[in-house]
Amino acid sequence: MHGATFKSSARLENLKSDLSEDLSEDLSEDLSEDLSEDLSEDLSEDLSEDLSEASLKTSLKTSLTHRRGPEAKGNVRIDPTSISFGMWKDIPVPFYMSVYFFEVLNPKEVLQGAKPVLNERGPYVYREFRYKTNITFHDNDTVSFLEYRQLFFQPDLSHGSEDEYIVLPNILMMGAAVMMENLPNFVKFLLSGALAGMKQEAFMNRTVRDIMWGYEDPLIDTINKLVPGLIPFKGKFGLFVQLNNSNSGLFTVNTGMKNISRVHMVDSWNGLKKVNYWRSNECNMINGTSGEMWPPFMSPTSLEFYSPDACRSLTLVYEQSGKFQGVPTYRFVAPKTLFANGTDYPPNEGFCPCMQSGIQNVSSCRMNAPMFLSHPHFYNADPSLVDAVEGLHPSEDQHALFLDVHPMTGIPMNCSIKLQLNLYIKQVPGIIQTGKVKPVVLPLLWFAEVIGSIEGSVLNQFYTNLVLIPSLLDYLQYVLLGLGVLLIISAAVLMVTHQRATTEKSPCHPTTQSKPPSSSETTPLLHDAGTLSQDDAEA
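Please read all numbers here as calculations on a predicted model, not as lab measurements.

Moving on to the pattern of salt bridges. On inspection of all chains with the given rule, the structure shows 14 salt bridges. Overlapping salt bridges, with partners in common, bring together Glu103, Arg121 and Glu164 in one network.

Now the structure itself:
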C-alpha cells in the first residue's frame, strides 16, 4: 500500500512539473476552457486508470498548441478587418529623421594634399509622415502599394536652422571628375575649362536647405552637353531631393491570408523578383519584408528586409531580449559583416568593386557616382578609414543601428536606423580643380531614423490587444495552473482515502486480531463432559 502511494505521489510531482512547463510554453486565450475541461473530466478518468499522466499531457498540449495565437495571426494579416491594417496603411507612429553634416574645416589645405579636418554639425531634425496609396489586392495572396514620405523641418528639435551655411565637397564636380577619370584627356580639359568659366571649385559653401532639397547649378547642363548620360537627371541637385514627397517603388508583398508565415514578405519590387545592380545572384536577391513588419512568432535568429535606399537586402541578427514600454521585444542589430568587403566576407564579393571593409560601394545604383554607404563615423569599419580624416569618433551607443520587434506579432516597437553617406574624392589628372587631393572616402553626412511617441486611436487599440490582454492571460495561467495542481492533488487524496476505506470493509483483510475464545465458551458440551469425567475419577 505504501509503495502504491509513493508511486502515485511521484507521478503527481512529475505531472505537476511537466504541466507547468507545457502550460508556460503553450498559453492561449482558451486556457481556462482547456483546463476546466481537461482537468475536471479527463483527470478523474486518468487517475482512476493508474494516473496516466502521459495521456493528460498529450491531450493538454495538443489542445493548446492547436489553438495557439489565433487572435495574433488574425490581427497581423494584411486585411482591412485586422487591427494592424490601419497602422500598416497610415502609420500613426511619427518618425523623425535627424541629419548630421560633416563640415570641412580646412578645404584649402585638403587641395594641397592635407588630411581633411571635419566638424559634425546638427542634428537637423525632420518629422516624417508615411502613408500608402494604390493599395491593390491580388488573387495570389499578395497586395501592391506605393508608400510616400513627407518630411517637415522641426526647428525646436534641431541644433541649427536650414539657412545655415556648411562647407562640403562640391559633390557634382568632384564626383563627375572621378567618373571621367578614364575618358580621353581632351574631354577632361574641356570640362576643366568649362568649370573654370563657371567658377566651380572643389568645395562649396551652401545652406542646409540647398544641400538637402536641391539647388540650381549650371554644371548639370554643362556635363549633360559634354558627356550625355553621365548624370541622367536635370534641374535641381540635392542629396534628398528625391526623398521628399516621393515613393520608394512599387512593393508587392504577401498578405498572410493563406500562409501567415509569409505575411509582409516581399513578392516583387517594381515588378522585379531580383535587382540587377550587383555581380552575383545572391546579392541581387530581394529577401525579407519591406522593412515595416515581419511575420509573427519570430525566432531569435535574424530578420531580413529589402531597402531601396541601400539598393539591396539587409540582414540583421538577434542580440538580446528586452522590453519597450512594457512590451516584450527581440533586439536585432547589424552584424560586422554587413558592409564587409569580399576579402573579409566572401558572400559580399558580389557587391564589389570594394575598398576597405565597413563601406559599401553603391555607385552601381547611384548613377555611377563614387558614393559609399557605411555606419556613422565609420563604426565597425576598417580603422584606416577613420585615420584618413580627423574629427571622427565611432561609438556603439551613438552610431550602431538596431531594431526592437515584438516577436509574437512581428511589429517593430522601437528602431534607430543609422547610415552614413560618403564621397570618394581624389586628384584627377587633366581636371585642375581637383588640385592635389589625396584619395579619401570623405564622409558627407549621416542620418538616423527613429520612432517617436505613440499617437492615434488605432495604435492605442493595438496596444490594448498587444499588452493588456496578454498580460492578464499571463497572470491567469499561473492562477489556473495552481488550481489545476490543487485539483490533481485533491483527486489523488480522495482516491487514496477511498482505497483505504474499501480495504477496511473487506472480510479478506481483517484489521485486528481477536483473542481466540476458550473451548468452554464455544463448546459447552465438551465442558460438561470434562466435568463428568473428573467426578467419575474421584468416585
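The biggest cluster of nonpolar side chains holds 114 residues, and the ones touching the most others in it are Phe101, Met212 and Leu303. When near neighbours in sequence (up to four residues on either side) are disregarded, phenylalanine 101 contacts Asn119, Glu120, Arg121, Tyr124, Ile166, Leu168, Val208, Ile211, Met212, Leu444 and Leu445.

To continue, consider empty space enclosed by the protein. If a probe the size of a water molecule is rolled over the atoms, the empty space left behind becomes visible. Applying the stated criterion across every chain, the model contains 4 cavities of 30 Å³ or more. There is about 770 Å³ of room inside the largest cavity. Around the largest cavity, the lining comprises 40 residues; the ones closest to its centre are Phe95, Arg130, Ser290, Gly291 and Glu292. Breaking the lining of the largest cavity down by element, the ones donating at least two residues are α5 (85-89), β3 (142-153), β6 (246-254), β8 (302-307), β9 (312-324), β14 (411-425), β15 (440-451) and α14 (457-505).

Taken as a whole and assessed by the stated rule, the structure comprises 20 aromatic pairs. Between tryptophan 213 and phenylalanine 240 the ring centres are 6.3 Å apart and the planes differ by 65°, which places this aromatic pair in the edge-to-face class. Within this pair, whereas tryptophan 213 is found in helix α9 (residues 208-213), its partner phenylalanine 240 is found in the loop between α10 (218-226) and β6, the two being separated by 27 residues in sequence. For the pair tryptophan 213 and phenylalanine 240, a shared accessibility class is recorded, and that class is buried. Among the aromatic side chains, those forming a connected cluster through ring pairs are Phe85, Trp88, Phe145, Phe251, Trp269 and Tyr306. Lying over the aromatic face of tryptophan 88, lysine 132 brings its terminal NZ or CZ to 4.8 Å of the ring centre. It is lysine 132 that lies over the ring of phenylalanine 145; its NZ or CZ is 5.2 Å from the centre.

It is worth spelling out the state of the cysteines at this point. Two cysteines, two sulfur atoms, one covalent bond between them: this is a disulfide. Within this structure, the stated rule accounts for 2 disulfides. Between cysteine 311 and cysteine 365 runs a disulfide, and the two sulfur atoms are separated by 2.0 Å. Residues cysteine 311 and cysteine 365 share a disulfide whose torsion about the S-S bond is about 85°; that sign makes it right-handed. Separated by 54 residues along the polypeptide, cysteine 311 in the loop between β8 and β9 and cysteine 365 in the loop between β11 (359-361) and β12 (371-374) bring together distant segments of the chain. Bridging cysteine 352 to cysteine 354, the disulfide has an S-S length of 1.8 Å. Residues cysteine 352 and cysteine 354 are joined by a disulfide whose S-S torsion is about -90°; by sign, that bridge is left-handed. The class for cysteine 352 is buried, based on a relative accessible area of 9%.

With that settled, the discussion passes to the confidence of the model for the protein. In the predicted model, the protein carries a mean pLDDT of 80, and 74% of its residues have values of at least 70. Long-range and interchain partners of residues 1-13, a stretch whose pLDDT sits below 50, account for 13 contacts in this model, where long-range means more than four residues apart. Segment residues 519-539: pLDDT under 50, and 2 contacts once partners within four positions in sequence are set aside and those in other chains are kept.

The rules we used
- Residues numbered from 1 in each chain as written.
- Predicted model: local features only at pLDDT ≥ 70, side-chain atom pairs only at ≥ 80, totals over all residues.
- Heavy atoms only, no water.
- Salt bridge = Lys/Arg side-chain N within 4 Å of Asp/Glu carboxyl O.
- Core = buried A, V, L, I, M, F, W, Y, C linked by side-chain atoms within 4.5 Å.
- Buried < 20%, exposed > 50% of the residue type's maximum accessible area, 1.4 Å probe, protein only.
- Contact = heavy atoms within 4.5 Å.
- 1 Å grid on protein atoms, 1.4 Å probe; cavity = no way out; pocket = protein on both sides within 12 Å on 5 of 7 lines; lining within 4 Å.
- Points joined across faces, edges and corners; volume = space filled by probe spheres on them.
- Helix = DSSP H or I, 4+ residues; strand = E, 2+ residues; numbered from the N terminus.
- Phe/Tyr/Trp six-rings, centres within 6.5 Å; stacked < 30°, edge-to-face > 60°.
- Lys NZ or Arg CZ within 6 Å of the ring centre and 35° of its normal.
- Disulfide = S-S within 2.5 Å.
- pLDDT = per-residue confidence, 0-100.

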